[in-house]
Amino acid sequence: SELIRGFLLSGMPCPSSCPPGLLALMAPGLALMATFSLPSQAGDRRTLPVEKPPGVKGRTLILLDVNTKSPVRIISENFLSLQLDPSIIHDGWLDFLSHCWDGIANGQMVARAMVTCTQATLTLCKFSAREAHSVQGKPGPGWELSPHAVRHIVRSDIALDKQKGCKIAQHPDIMLELQREKAAQMHLVLLKEQFSNTYSNLTLTARSLDKLYNFADCSGLHLIFALNALRRNPNNSWNSSNALSLLKYSASKKYNISWELGNEPNNYRTLIGRSVNGSQLGKDYTQLRSLLQLIRTYSRAHLYGPNIGRPRKNVIAFLEGFLKVAGGTVDAVTWQHYYIDGRVAKATDFLKTRLLDTLSDQIRKIQKVVNTYTPGKKIWLEGVGTTSAGGMNNLSDSYAAGFLWLNTLGLLASQGIDVVVRHSFLDHGHNHLVDQNFNPLPDYWLSLLYKRLIGPKVLAIHVAGLQRKPRPGRVIRDKLRIYAHCTSYHNHNYVRGSITLYIINLHRSRKKIKLAGTLRDKIVHQYLLQPYGKDGLHSKSVQLNGQPLAMVDDGTLPELKPRPLRAGRTLVIPPLTMSFYVVKNVNALACRYR
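What you see is a predicted model, and the numbers here were worked out from it, not measured in a lab.

Engineer: Looking at this structure, how should I read the overall build of the protein?
Structural biologist: Counting secondary structure elements, the protein contains 13 helices and 26 strands. Counting only residues that meet the buried cut, the protein has 62% of its 594 residues in that class. Accessible surface for the protein amounts to roughly 22300 Å². Of this, 50% is attributable to carbon and sulfur atoms.

Here you go:
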């Protein structure tokens, strides 16, 4: 029987664009903060599992059409964002990042390329640091951070010409080698702390803050800093004295920063032996807003929170208490999601549709609470990774992890989440986008393509195909997931009105898709990502349309060449692959104007 399903349902309200100044960090053409922000409604992404029914020979042909009249969602231009792990302060990598474009390996150049490939594209980067206790550091005041929270988000509203004035530092190869050894030793220490749930303190000095801001400023990014919420008074209210010191210092330097307070506050009992409920944290946020209004530099600064963990029953109650008190204080409601425990993950986990679907339920829970107490408030997924506990080597940094990542982007965008912040760009674990030689990993290339090709307008998809009746008691979950957006306006290779599809094929057989309706008989550009080398799904290298992707040199990304397909040609999706297809010159009404 023929079935038609809508991936993205129409009639849902579109969220307003991100507040001015909130941008994202991911690469040339990667709008990190908003479009990476990649419900039910915008997207039941369960496409038909198109299997070969009994008695039908050959492969099933899937018919695909897109509603081009109007978008079902509009997400932020800065949807796709990322964070820097706090371990870069602990293990010394901050010294290498702080001098923008310092010429080491691919490090700064990869970061710079990500920001400037499409110069008109704004991007967001989030820096995650740790909860703090105050100490005096030299030079200047110090802020001691205990290993859990502080977030920075970076946005690119700074003119690119400003980069010409940035300090350039040259680090000899021997310094980089010594840094890698130091980072490897610190990695073992951090893992031990993580498994034992006992953390040493980390001091962020004024000098470290200067380096961090210099990196953001030279990269054309905006910084969001999460202040320590673990400092409590005897009555359990927030002790803001240390935060006020930091705010005054930042204001004296005229640093353009947005703010948060704490990280996963629902877990404070395990950190300090004292819990903080949602209403109390709401009062703390109200206090922080008052402090910001007393400082001219930050009187209109953006404030985000509460950055809770996975929305279980107790966390939902926490969020409700917070929004009752401080719902009008924050500019966006934030939370975190990690799919699986990195200590027990297996490669096959990333292919399980049941796992891919868990995020959708989490989104609905958060949206229900936010819409009840603060209707229309933006929602950010401000910490997301395939695995927790730092990830697993040769797994969470491999090609296989990309299935979860790309599906996460599609789900979030289709359900109207305004910004998603990926954990992380570089850290001590294995969830990062580049390795410690600053070589891009598979999720980097995936993110880069997303930024270059995907715009903020989400479109409804209609799929028709043949489906075998399920066996009694067996639920057939879809393994072919398709999302559609207007092509990024910042990509000047495609005229406005073009449409980009991105497709995840979890089947172990190829699938054929025939474009129908407004997409019929149009020229298509294919960007097919597959693992490169003998490691298969475990590979840390990828190929684009059969050509391996690697940096040309320390400062140059390769050209991402599409494979043109003739008009009317059937799309053949290889097994276990991720791909983007730009349907050119559709002249889609939804995509003609920004």
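Engineer: Explain the packing of helix α12 (residues 401-414) against helix α13 (residues 442-453) to me, please; I cannot follow it from the model alone.
Structural biologist: The geometry of a pair of packed helices is captured by two quantities: the angle between their axes and the separation between those axes. Remark: α12 packs on α13, axes separated minimally by 9 Å, with the N-to-C direction vectors making an angle of 30°. Taken as axis vectors, α12 and α13 run roughly parallel relative to one another. The handedness of the crossing between α12 and α13 comes out as right-handed. From α12, Ala401, Gly402, Trp405, Leu406, Leu409 and Ala413 reach across to α13, where they touch Asp443, Leu446, Ser447 and Tyr450. Its residues assigned to classes, the contact of α12 with α13 comprises 7 nonpolar, 2 polar and 1 charged.

Engineer: Sorry, what's going on with unusual backbone geometry here?
Structural biologist: What you tend to see is this: most non-glycine residues have negative phi, and most peptide bonds are trans. Geometrically, the link from Gly305 to Pro306 is a cis peptide bond, its omega value of 5° lying close to zero. Mapped onto the fold, Pro306 is located in strand β12 (residues 303-308). Although it is not a glycine, Glu264 sits at a positive phi angle of roughly 45°. Summarising the element assignment, Glu264 is placed in the loop between β11 (257-261) and α7 (268-272).

Engineer: I keep staring at α12 and nothing clicks. Help me out?
Structural biologist: Side chains of residues three or four places apart in an α-helix project in the same direction, reflecting 3.6 residues per turn. Counted at 1.5 Å a residue, the expected span for α12 with its 14 residues is 20 Å, and the 20 Å between its end C-alpha atoms agrees. Of all 14 residues making up α12, 14 are buried, and the element is well covered by its neighbours. Looking one or two residues past α12, Gly416 carries a phi angle of roughly 85°, positive in sign.

Engineer: How should I be thinking about the pairing of strand β19 (residues 499-505) in this particular structure?
Structural biologist: The two faces of the sheet receive side chains in turn, since in a regular strand these alternate between them. Of all 7 residues in β19, 7 are buried, a share of seventy percent or more. Because side chains alternate across β19, one face comprises the buried residues Ile499, Leu501, Ile503 and Asn505, and the other comprises Thr500, Tyr502 and Ile504, equally buried. Pairing of strand β18 (residues 480-487) with β19, which is carried by 7 bridges, proceeds in the antiparallel orientation. Bridge pairing in β19 places Arg481 opposite Ile504. Relative to strand β26 (residues 577-583), β19 runs antiparallel, the two being bridged by 7 bridges. By the bridge assignment, Ile499 is partnered in β26 with Val583.

Engineer: Even after reading the chapter, I still don't get the nonpolar core, so can you show me in this structure?
Structural biologist: Among the nonpolar cores identified, the biggest contains 119 residues, and Trp259, Tyr298, Trp335, Tyr450 and Phe580 are the most heavily contacted of them. The biggest single contributor to this core is α12, with 9 residues.

Engineer: Would you explain the pairing of strand β15 (residues 419-423) in this entry?
Structural biologist: The buried count for β15 comes to 5 of 5 residues, which makes it a mostly enclosed element. Here β15 shows no split at all, with Val419, Val421 and His423 on one side and Val420 and Arg422 on the other all buried.

Engineer: Teacher, can you tell me more about the pattern of salt bridges here?
Structural biologist: Pairs can form between side chains of opposite charge once their charged atoms are near each other. Per the stated rule, a full pass over the model turns up 9 salt bridges. The partner of Glu77 in a salt bridge is Arg594, and the shortest N-O contact between them spans 3.4 Å. In this pair, Glu77 is assigned in the loop between β3 (73-74) and β4 (80-84) and Arg594 in the segment after β26, connecting sequence segments 517 residues apart. Here Glu77 falls in the partly exposed class, since its relative accessible area comes to 25%. In this structure, Asp443 and Arg422 form a salt bridge, with 2.9 Å as the shortest nitrogen-oxygen distance. Here Asp443, found in helix α13, pairs with Arg422, found in strand β15; they are 21 residues apart in sequence, far enough to count as distant. Judged by relative accessible area, which is 3%, Asp443 ranks as buried. Bridged by salt links that share partners, the residues Asp357, Asp478 and Arg481 form one connected network.

The rules behind these values
Residues numbered from 1 in each chain as written. Predicted model: local features only at pLDDT ≥ 70, side-chain atom pairs only at ≥ 80, totals over all residues. Heavy atoms only, no water. Helix = DSSP H or I, 4+ residues; strand = E, 2+ residues; numbered from the N terminus. Buried < 20%, exposed > 50% of the residue type's maximum accessible area, 1.4 Å probe, protein only. Areas by Shrake-Rupley, 256 points an atom, 1.4 Å probe, with all protein chains shown as cover. Axes fitted to C-alpha atoms, helices over the stretch in contact; angles between N-to-C directions. Parallel < 35°, antiparallel > 145°, perpendicular 65-115°, else oblique. Left-handed = near helix turned anticlockwise from the far one by under 90°. Contact = heavy atoms within 4.5 Å. Nonpolar A, V, L, I, M, F, W, Y, C, P; charged D, E, K, R; others polar. Expected span 1.5 Å × (residues − 1). Pairing = 2+ DSSP bridges. Core = buried A, V, L, I, M, F, W, Y, C linked by side-chain atoms within 4.5 Å. Salt bridge = Lys/Arg side-chain N within 4 Å of Asp/Glu carboxyl O.

Everything listed here is a matter of geometry and, on its own, says nothing about what the molecule does.
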